[in-house]
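Spelled out from the first residue to the last, the chains are:
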Amino acid sequence: MPIDATQRYDDDNIFAKILRSEIPSTKVYEDDHAYAFEDINPQAEIHTLVIPKGRYVSWDDFSAHASAEEIAGFVRAVGEVARMKGLVEPGYRMMANIGAHGGQEVPHLHVHIFGGQPLGPMIAN
Ligand code: 5GP
């Protein structure tokens, strides 16, 4: 079920549990501001998720309320993960779903990084 991007942060969401190591994940990268791990249900050869460590429901919440340091740290982490995965030269796609029309299911901001293959049209017909 898609979430409401304006809802309050839920400390019991699955990515909060991953950040607290209460649920296992396949770690790709971690720094002070971000954590990256493999998607459990990959939609491409490479499908990695990058999440901020702060309590932000969505891109909307993050862009409105995160500090400049958190935003810079998170954006740099997304780029770093793509470089670590060797995706810059072949190219890749990054995506954040927001709220109901975006199809966001987990209420903790996450950026999807897709790559390792041609990714087709931007939006499915
Ligand atoms: P959304 O639709 O919210 O943008 O994407 C949520 C993503 O989280 C989906 O791609 C889904 O496969 C992934 N996901 C959901 N639960 C888990 C989990 O417990 N572990 C991992 N690694 N990924 C998850």
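Located above this text is the structure these notes cover.
Right, let's walk through the structure included here. (Residues numbered from 1 in each chain as written. Predicted model: local features only at pLDDT ≥ 70, side-chain atom pairs only at ≥ 80, totals over all residues. Heavy atoms only, no water.)

### Observations regarding the side chain of Ser-58
- With respect to the secondary-structure elements, Ser-58 resides in the loop between strand S3 (46-52) and helix H2 (59-65).
- Apart from residues no more than four positions distant in its own chain, Ser-58 is found in contact with Ala-5, Ile-98, Gln-104 and Leu-109. (Helix = DSSP H or I, 4+ residues; strand = E, 2+ residues; numbered from the N terminus. Contact = heavy atoms within 4.5 Å.)

### A look at the packing of aromatic side chains
- In the structure shown here, the tally under the stated rule is 5 aromatic pairs.
- Note on Phe-15 and Phe-37: the rings are 5.3 Å apart at their centroids and 80° apart in plane angle, and the pair reads as edge-to-face. Remark: Phe-37 occurs in strand S2 (residues 34-38) and Phe-15 occurs in helix H1 (residues 14-19); sequence separation between them is 22 residues. Here the two residues Phe-15 and Phe-37 agree in accessibility, since each one is buried.
- Taking 5.3 Å as the distance between ring centres and 70° as the angle between the ring planes, the aromatic pair formed by Phe-62 and Phe-74 counts as edge-to-face. Here Phe-62 is found in helix H2, whereas its partner Phe-74 is found in helix H3 (residues 68-84), with 12 residues between them in sequence. Both residues of the pair, Phe-62 and Phe-74, belong to the buried class.
- Counting every residue linked through ring pairs, the aromatic cluster contains Tyr-56, Trp-59, Phe-62 and Phe-74. (Phe/Tyr/Trp six-rings, centres within 6.5 Å; stacked < 30°, edge-to-face > 60°. Buried < 20%, exposed > 50% of the residue type's maximum accessible area, 1.4 Å probe, protein only.)

### Examining the site of the ligand
- Lining the immediate environment of the ligand, one finds 17 residues, of which Asp-39, Asn-97, Glu-105, His-110 and His-112 sit closest.
- Here an oxygen atom of the ligand sits 3.1 Å away from a polar atom, N or O, in the main chain of Val-106.
- His-112 is positioned such that a nitrogen or oxygen atom in its side chain is 2.8 Å from an oxygen atom of the ligand.
- In the complex, 82% of the free accessible area of the ligand, which totals 520 Å², lies under the protein chains.
- Elements with a contribution of two residues or more to the shell around the ligand: H1, S2 and S3.
- Residue contributions to the shell around the ligand peak at 3 residues, all from H1.
- When the residues that make up the shell around the ligand are grouped by side-chain class, the tally is 7 nonpolar, 7 polar and 3 charged. (Near = heavy atom within 4 Å. Polar contact = N/O pair within 3.5 Å; in protein donor to acceptor, adjacent residues only side chain to side chain. Areas by Shrake-Rupley, 256 points an atom, 1.4 Å probe, with all protein chains shown as cover. Nonpolar A, V, L, I, M, F, W, Y, C, P; charged D, E, K, R; others polar.)

### Considerations on the sheet that holds strand S4 (residues 92-95)
- Here 5 strands make up an open sheet; going across it, the order is S1-S2-S3-S5-S4 and the pairing antiparallel. Two strands in the sheet have a free side with no partner beyond their single neighbour: strand S1 (27-30) and S4. In this sheet, neighbouring strand axes are inclined to one another by 20° on average, regardless of whether the strands run parallel or antiparallel.
- As paired strands, S4 and strand S5 (residues 111-115) are joined by 4 bridges and run antiparallel to one another. (Pairing = 2+ DSSP bridges. Axes fitted to C-alpha atoms, helices over the stretch in contact; angles between N-to-C directions.)

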